[in-house]
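Inside the fold
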Amino acid sequence: MFACIFTPSLPSDVSLVDFGYAFSPLLEETSKDTVVIDVEGCELLFGSAYGLANELSLRAVTSKAAGGLESKVNVALAANPDTAIHAARFFKGVSFISPGEEITGLGDLPIESLCFELVSIDDQKNHVREDILETLKLWGIRTFREFATLPTAGVSERLGQAGVKLQQLAGGKTQRHLKLHQTPPVFENSIELEFPLAELEPLSFILSRLLNQLCAKLNAYALATNELQVQMKLEKGASYERKLTLPYAMRDHKVFLKLLLLDTEMHPPPAAIVALSLKCEPVKPRVTQNGLFIPLAPEPEKLELTLARLAKLLGESNIGSPELLDTHRPDAFRIKRFTLRQLNKKRAGKASRSSMTPLSAEPVVAFRVFRPPLRALVEAVRGYPTQISAWNVNRSVHGKIVQTAGPWRTTGDWWRTDSWARDEWDVTVESRPEKRGNISQPLQVLYRIYRELRSGTWFVEGIYD
Amino acid sequence: MTQSYIELHTRSAFSFLEGASVPEDLIAAGLALEMPAMALLDRDGVYGAPRFHLAGKKNGIKAHIGAELKVSDPNSKTFFTLPLLVQSRAGYQNLCRLITLMKLRVPKHAKPGECAVSPDELAMYAQGLICLTGSEDGPLSIEQTGTQEKRDAKQMVEWLLNVFDKGNVYAELQRHFDRAEEARNQKVVELARQLKLPLLATNGVCHATPA
């Protein structure tokens, strides 16, 4: 048995859902002004289903403080939710439709009152409703009873499945389960401490407890998280917040705990903690399918831990993978967070194919870059370099420049403070003769040198193999 | 600059996103450099030609007319830009005919590459025109844009020689302190030697004054 509560004039500051929950936990919010509750098993509390309906009607008019709505409601009891909804919407006060007598109860309702949204007809297309109602009008169908008594086969032929569903609705013969209203879960845990915490070890116990509860909740909802937020209330009213963003969705509380502790070690709060709140953003868990021919990657959780430990040792800005920047600036790159590349089968296939493509027949000259570039003293005649001398602790370049190619000029970012402008040259440097037996042979090496146009300083950028 | 150099590859501000100076400024720059003549090759049109001609006449500089035309590659589905210089009255008529044919064929808001002269049309109206081999987007660019497909440069020059006749095709060299351009220049010089093409140095001028 189902009870539908309908109120046409619901005050804006009260919730019909909350009112319904006071009577049954099994509740469907059909629309803002209509809720349906399953009254099965409520007889022990209210005597009978009819007693419950009366109680609903009486409590609705009471004040908000007493748990009421301060407005009159229509309550209808029926064997199925759709009949109860129709009855509540069109009969005032408390109405009761016995099982099997739906057509008697709803039969006189005008056909325009049929709630099309209760059957799965695309209500976005209003013309479907209008078309069906117009057809029924042309057939001379005016009430629910007239529609319900039509032969089903004929309705199906003429109006299709939608017509059959509507006919069942008019006859009160639909059978369905309630779409139960569920409050969205909140993935947040907080704790207020009895005494301020200033050390990491006691904090780890508290974090462990909070994370345990949070991960259990995530597990219950088959979810994971890729973002953890820690909010700390500190002594003297200050607050401190840390956000841990993970590249993959996880729900292992031990990993979270280690990551949070490492993060807190790197970024300790400025004062002792008096309250702690942990919040996470729920996302769908990561689903991976390993392939026989795809090399196994390290587990993301272990990788994250290793990266966090390395970041603690080396500094956060010194760990990651290099990424080329979309600029003409020579040697421009940045360090981005290291993530495992997920290759699906198609991509993996493509990657393996591309790796198997034959190399170009043209010879390629390898270039070894000096990082940092070697500062040089260059003698130039009419702008052309003729003599070079450069050294640092590891290497030195000295000699006469016998061949040059260039200059290759690159400039950019002139609108910024870190603009660059430089002339590159490929030069052959002839250094001191090398003795091989009795013959002394001069050694010629090909270097790339450049001159910063702003400062006029020369550098050796690298060497060609 | 001396009187021995004539700039034969210039674009005015009428070549949208390709040139920055009006024709009068280009003539003024030529005058300052004591050039006896200059040529204006706007992209897919002769929009700047009247102003360029008048300014040249006023300043005693011979103004040559031409255009850079987008041509569909006869060997693939790609396009290249072909600089064409007018040699005679018939050449001017043919250039205008090519531009008209191209513009009439394409829709009003053509996408890049849609507006192009076909190889057959070029062959039909090649008389009186001098063809340069262009720069990075020209027929001898080593790698085609997007497809990275290597074009047979020699085959392309042979086709140009077939269309324009020997003596009307010049191997164009430009130097903008660019490493890739220099590599291309070396290959163009090598090709010109093989096919006995005359070399022509231009600057591919886009603006009359530095930024």
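Residues numbered from 1 in each chain as written. Chains lettered and ligands numbered in written order. Predicted model: local features only at pLDDT ≥ 70, side-chain atom pairs only at ≥ 80, totals over all residues. Heavy atoms only, no water.

Some points on the overall build of chain A
When its secondary structure is counted, chain A shows 12 helices and 17 strands. Restricting to contacts in chain A with at least 6 residues of sequence separation, those with at least 24 account for 59%. (Helix = DSSP H or I, 4+ residues; strand = E, 2+ residues; numbered from the N terminus. Contact = heavy atoms within 4.5 Å.)

Considering the sheet that holds strand 5 (residues 94-96) of chain A
Residues and elements named next belong to chain A. Taken together, five strands build an open sheet; the order of strands is 2-3-1-4-5 and the sheet is mixed. Only two strands of the sheet have a single partner each, and these edge strands are strand 2 (27-31) and strand 5. When the angles between neighbouring strand axes are averaged without regard to direction, this sheet yields 20 degrees. Against the sheet, helix 3 (residues 49-60) engages strand 1 (2-6), strand 3 (34-38), strand 4 (74-78) and strand 5, with an angle of about 165 degrees to strand 4. Across the sheet, helix 4 (residues 81-90) is in contact with strand 1, strand 2, strand 3, strand 4 and strand 5; its angle to strand 1 comes to roughly 35 degrees. (Pairing = 2+ DSSP bridges. Axes fitted to C-alpha atoms, helices over the stretch in contact; angles between N-to-C directions.)

Re the pattern of salt bridges
In the structure shown here, the tally under the stated rule is 31 salt bridges over all chains. Residues Arg176 of chain A and Asp82 of chain A are paired through a salt bridge, measuring 2.9 Å at the closest nitrogen-oxygen approach. Remark: Asp82 of chain A occurs in helix 4 and Arg176 of chain A occurs in the loop between helix 8 (152-170) and strand 6 (188-197); sequence separation between them is 94 residues. The partner of Arg422 of chain A in a salt bridge is Glu461 of chain A, and the shortest N-O contact between them spans 2.9 Å. Highlighted residues: Arg422 of chain A in strand 15 (residues 420-436) and Glu461 of chain A in strand 17 (residues 458-464), separated in sequence by 39 residues. Since its relative accessible area comes to 6%, Arg422 of chain A is described here as buried. The network of salt bridges with shared partners includes Arg422, Glu424, Asp426, Arg448 and Glu461 of chain A together with Arg179 of chain B. (Salt bridge = Lys/Arg side-chain N within 4 Å of Asp/Glu carboxyl O. Buried < 20%, exposed > 50% of the residue type's maximum accessible area, 1.4 Å probe, protein only.)

Things to note about the interface of chain A and chain B
Taken together, the contacts link eight residues of chain A with five residues of chain B. Carbon and sulfur atoms supply 47% of the area that chain A and chain B bury against each other, a total of about 620 Å² over both sides. In this structure, the connection of chain A to chain B is made through two salt bridges. Where the side of chain A that touches chain B is concerned, the elements lending two or more residues are strand 14 (396-412) and strand 15 of chain A. Of the residues forming the side of chain A that touches chain B, the biggest block, three residues, is contributed by strand 14 of chain A. A breakdown of the residues in the side of chain A that touches chain B according to their chemical character gives three nonpolar, no polar and five charged. (Buried area = accessible area lost by both parts, 1.4 Å probe. Nonpolar A, V, L, I, M, F, W, Y, C, P; charged D, E, K, R; others polar.)

As for the sheet that holds strand 5 (residues 129-132) of chain B
Sheet strands associate in pairs through backbone hydrogen bonding, adopting either a parallel or an antiparallel arrangement. Residues and elements named next belong to chain B. Ordered in space as 1-2-3-4-5-6-7, the seven strands form an open sheet in which the pairing is mixed. Each having just a single partner strand, strand 1 (7-10) and strand 7 (199-201) make up the two edges of the open sheet. The mean angle between the axes of side-by-side strands here comes to 35 degrees, regardless of whether they run parallel or antiparallel. Across three bridges, strand 6 (residues 169-173) lies against strand 7 in parallel orientation. Note on strand 7: the bridge partner recorded for Glu172 is Leu200.

Let's talk about the environment of Phe96 of chain A
As for its placement among the helices and strands, Phe96 of chain A is situated in strand 5. In this view, Phe96 of chain A contacts Met1, Tyr50 and Leu77 of chain A; residues no more than four positions away in its chain are not counted.

Some words on unusual backbone geometry
Residues and elements named next belong to chain A. In this chain, Arg371 is followed by Pro372 through a cis amide linkage whose omega measures 0 degrees. Tracing the backbone shows Pro372 in strand 12 (residues 367-381). Of the consecutive residues Gly406 and Pro407, the connecting peptide bond is found in the cis state with omega at 0 degrees. The backbone phi angle of Ala222 is positive, close to 55 degrees, even though this residue is not glycine. Within the element layout of this structure, Ala222 appears in the loop between helix 9 (200-220) and strand 7 (224-234).

Here we look at the environment of Gly30 of chain B
All names here are of chain B. With respect to the element layout, Gly30 can be found in helix 1 (residues 23-32). Residue class for Gly30 comes out buried when judged on its relative accessible area of 1%. For the pair Gly30 and Glu7, spaced 23 residues apart in sequence, the C-alpha separation works out to 8.1 Å. Ignoring anything within four residues of it in the chain, the contact list for Gly30 reads Met35, Met38 and Ile61.

Digging into a nonpolar patch on the surface
Residue and element names in this part refer to chain A. Nonpolar side chains collect at one region of the surface, where Leu310, Leu313 and Leu314 lie side by side and expose about 310 Å² of accessible area between them. Within the element layout of this structure, Leu310 appears in helix 11 (residues 300-314). Taking relative accessible area as the criterion, Leu310 reaches 33% and is therefore assigned partly exposed. (Patch = residues over 30% accessible without salt bridge, like charges linked within 9 Å, V, L, I, M, F, W, Y side chains within 5 Å. Areas by Shrake-Rupley, 256 points an atom, 1.4 Å probe, with all protein chains shown as cover.)

A short note on the state of the cysteines
Formally, a disulfide is one covalent bond, and it connects the sulfur atom of one cysteine to the sulfur atom of another. Residues and elements named next belong to chain A. Within the structure shown, the criterion is met by zero disulfides over all chains. Of all cysteine sulfurs, the one in Cys280 lies closest to Cys215, which takes part in no disulfide; the gap is 7.4 Å. Overall, the relative accessible area of 6% leaves Cys215 in the buried class. (Disulfide = S-S within 2.5 Å.)

Some thoughts on the confidence of the model for chain B
Residues and elements named next belong to chain B. Residues at a pLDDT of 70 or more form 93% of chain B, whose mean pLDDT is 88. This model gives residues 144-149 a pLDDT under 50, and the stretch forms 10 contacts once residues within four places in sequence are excluded. With pTM at 0.59, the complex prediction returns an ipTM value of 0.78. (pLDDT = per-residue confidence, 0-100.)

Some words on the side chain of Ser12 of chain B
Residue placement: Ser12 of chain B occurs in the loop between strand 1 and helix 1. Those residues within four positions of Ser12 of chain B in sequence are excluded, and the remaining contacts are Gly19, Ala20, Ser21, Pro23, Leu26, Leu40, Asp42 and Gly48 of chain B.

Points about the packing of aromatic side chains
Centre-to-centre distance and the angle between the planes together describe a pair of aromatic rings. Residues and elements named next belong to chain A. One pass over the structure, following the stated rule, counts eight aromatic pairs over all chains. Geometrically, the ring pair formed by Tyr384 and Trp425 is edge-to-face, given 5.3 Å between the ring centres and 65 degrees between the ring planes. Of this pair, Tyr384 sits in strand 13 (residues 384-391) while Trp425 sits in strand 15, placing them 41 residues apart in sequence. Residue classification places Tyr384 among the partly exposed positions, given a relative accessible area of 45%. By relative accessible area, Trp425 is classed as buried at 4%. One aromatic cluster is present, built from ring pairs that chain together Phe19, Phe23 and Phe46. The ring of Tyr248 carries Arg286 above its face, with NZ or CZ at 5.1 Å from the centroid. Directly above the ring of Tyr450 sits Arg422, whose terminal nitrogen or CZ lies 3.8 Å from the centroid. (Phe/Tyr/Trp six-rings, centres within 6.5 Å; stacked < 30°, edge-to-face > 60°. Lys NZ or Arg CZ within 6 Å of the ring centre and 35° of its normal.)

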